[in-house]
Amino acid sequence: MRILIADHAAAPVTPGDPIDDAGIDALYASTEPLLRLNFVATLDGAATGADGRSGTINSDADHRGFTAMRRAADVLLVGAGTARAEGYGPAGTPMVVISSRPELPKSARGGGVVLATTRSSGATAGERVWLCGEDSVDLAVVVSRARETFGPHLLCEGGPTLAAELVAAGLVDELALSWTPQLVGGGRDSHPRVLDGEAVDVELTCRHLLEEDGTLLGLWRVSGRSR
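Before going into details, it helps to say that this report is about the structure given with it.

What counts and what doesn't
Residues numbered from 1 in each chain as written. Predicted model: local features only at pLDDT ≥ 70, side-chain atom pairs only at ≥ 80, totals over all residues. Heavy atoms only, no water. Buried < 20%, exposed > 50% of the residue type's maximum accessible area, 1.4 Å probe, protein only. Helix = DSSP H or I, 4+ residues; strand = E, 2+ residues; numbered from the N terminus. Contact = heavy atoms within 4.5 Å. Phe/Tyr/Trp six-rings, centres within 6.5 Å; stacked < 30°, edge-to-face > 60°. Pairing = 2+ DSSP bridges. Axes fitted to C-alpha atoms, helices over the stretch in contact; angles between N-to-C directions. Polar contact = N/O pair within 3.5 Å; in protein donor to acceptor, adjacent residues only side chain to side chain. Disulfide = S-S within 2.5 Å. Salt bridge = Lys/Arg side-chain N within 4 Å of Asp/Glu carboxyl O.

## Here's the deal with helix α5 (residues 160-168)
Taken together, the buried positions of α5 are P160, L162, A163, A164, L166 and V167. If you follow the buried residues of α5, they end up packed against β2 (34-42), β3 (75-79), β4 (95-98), α4 (139-150) and β7 (153-156). In the stretch just after α5, G170 is the one whose phi turns positive, near 70 degrees.

## A look at unusual backbone geometry
For the peptide bond that leads from G158 to G159, omega is 5 degrees, which places it in the cis range. By the secondary structure assignment, G159 is in the loop between β7 and α5.

## Section: the packing of aromatic side chains
Two aromatic rings are characterised by how far apart their centres lie and by the angle between their planes. Inspection of every chain in the model, using the stated rule, returns two aromatic pairs. On the basis of an interplanar angle of 85 degrees and a centroid distance of 5.7 Å, the ring pair of W179 and W220 is categorised as edge-to-face. Residue W179 is located in strand β8 (residues 174-180), and its partner W220 is located in strand β10 (residues 215-224); the two are separated by 41 residues in the primary sequence. Classification of W220 as buried rests on a relative accessible area of 18%.

## Digging into the sheet that holds strand β6 (residues 129-131)
Judged by pairing direction, the sheet is mixed, and its ten strands sit side by side in the order β1-β9-β10-β8-β2-β7-β3-β4-β5-β6 without closing on themselves. If you trace the sheet from one side to the other, it starts and ends with β1 (2-6) and β6, each paired once. The sheet shows a mean angle of 20 degrees between the axes of neighbouring strands, direction not considered. Two elements, β8 and β10, share six bridges in a ladder whose sense is antiparallel. Bridge pairing links A176 to L219 in β10. Of the strands in this sheet, β2, β3, β7, β8, β9 (203-212) and β10 touch helix α2 (residues 60-72), which is tilted by about 45 degrees from β10.

## Overview of the side chain of E157
Tracing the chain through its elements places E157 in the loop between β7 and α5. At a separation of 2.9 Å, a polar atom in the side chain of E157 contacts the side chain of R70.

## Here we look at the state of the cysteines
Enumeration over the complete set of coordinates arrives at zero disulfides. For C132, which is in no disulfide, the shortest distance to another cysteine sulfur is to C156 and amounts to 15 Å.

## Observations concerning the pattern of salt bridges
Applying the stated rule across the entire model yields 14 salt bridges. Put simply, E103 and R109 hold a salt bridge, and the shortest N to O gap is 3.4 Å. According to the relative accessible area criterion, E103 is partly exposed, its value standing at 47%. With its nearest N and O atoms 3.4 Å apart, the salt bridge here joins E174 to R207. Taken together, the residues E174 in strand β8 and R207 in strand β9 connect sequence positions 33 residues apart. Judged by relative accessible area, which is 23%, R207 ranks as partly exposed. Three or more residues are tied together by salt bridges with common partners; here these are E32, R36, E174, R207 and R221.

Next comes the structure, spelled out in structure tokens:
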């Protein structure tokens, strides 16, 4: 992997310099409270592959960034639909699954995974069941409780609907987006973009851009909130 841009690296870098896993970890590390979105997309903007899963558009380079971000994070946030579609299970990093239903997707049950749902869902509150909002999940409450419980660095891995809601609520600090050299075509119903929800107007500043075998890994910092 090589560096194309790294304006916020801990040490000076030169475009074209190779970077190893320790260097990638350093680029994704953070010492401040942070909510980072992480997505992969095709060159034509699809967030899923032909089978409706993001896993089929991953690349080895994207996986290197993905694992670095997981190592940096204190807790993962994921929507129940994505957890169900991608077969999410308990991970080495604590996980909060956000759902309107009163139970976790089957693959995510066990291993201390937290369900964040609504009071109207009928779920019973407990250490691993958080009731955050009456009829819809209050994402600000989820983010606050996740920080209090697990730590300040949150990593959201989707899906597009949850990501759009977090951006619209002004809760997102960074977007990590990888493009893999693939095209899938189709429409937004079968292949949503990385944000799928209400319109927003958010400006971002590039922090780094990396490349390996045609895959680009970018990281952007939110510099202007939605208006």
